[in-house]
Amino acid sequence: MGDTLRRRLAIFAAACAVLAATAGSAFADPKDYRFEAVQPHVKAAADTVVSVRLIHIPDNKPVADAVIFSAKMEMPMAGMAPMVTKVAAQKSTKAGEYPFQTDFSAGGDWTLTLSAKVQGETGVVSGSVPFMAMK
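Moving on to the environment of Ser92. Relative to the helices and strands, Ser92 is located in the loop between strand S7 (87–89) and strand S8 (97–102). Overall, the relative accessible area of 31% leaves Ser92 in the partly exposed class. Measuring from C-alpha to C-alpha, the distance between Ser92 and Ser51 comes to 9.0 Å, with 41 residues separating the pair along the chain. Here Ser92 is in contact with Glu97 and Pro99, once residues within four sequence places are set aside. At 2.6 Å, the side chain of Ser92 forms a polar contact with the backbone oxygen of Glu97.

Right under this line is the structure:
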């Protein structure tokens, strides 16, 4: 076998290895993820902390190190615009959990709407998580 053929085979083998290593994430879809509440029922207070997980649906495992952004907390109001309250991301102490401090001065149903960028994915994951703030 000549040197040229060996080089071409080596390049081909390296290209195949790269494709095999990236094939799983190259075709992933934002629909392969969902947000869920760590604890959907929380105390109604001005400094309530709620936490969410971002779940990779095919293996049902939490995703660590996602970049969460565009968080918005609202309480739907029948016949009116939703009531909006402040929400601030907090430092996570558990891998795969994303805490937020919010003002649940009013008890009732609240919805956290947020987006995430998952490492290695090209799309943005968006979703909403319901919470029940109880007095």
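From this point, the narrative continues.
Right, let's talk about the pattern of salt bridges for a bit. The final tally for this structure, using the stated rule, is five salt bridges. Among the salt bridges present, the one from Glu97 reaches Arg53, with a minimum N-O distance of 3.5 Å. With Glu97 in strand S8 and Arg53 in strand S3 (residues 48–56), this residue pair connects regions lying 44 residues apart in the sequence. The exposure class assigned to Arg53 is partly exposed, which follows from its relative accessible area of 22%. Several salt bridges converge on common partners, so that one network encompasses Arg34, Glu36, Arg53 and Glu97.

Procedures and definitions
- Residues numbered from 1 in each chain as written.
- Predicted model: local features only at pLDDT ≥ 70, side-chain atom pairs only at ≥ 80, totals over all residues.
- Heavy atoms only, no water.
- Helix = DSSP H or I, 4+ residues; strand = E, 2+ residues; numbered from the N terminus.
- Buried < 20%, exposed > 50% of the residue type's maximum accessible area, 1.4 Å probe, protein only.
- Contact = heavy atoms within 4.5 Å.
- Polar contact = N/O pair within 3.5 Å; in protein donor to acceptor, adjacent residues only side chain to side chain.
- Salt bridge = Lys/Arg side-chain N within 4 Å of Asp/Glu carboxyl O.

Note that every value here comes from positions in space, so none of it alone points to a role or purpose.
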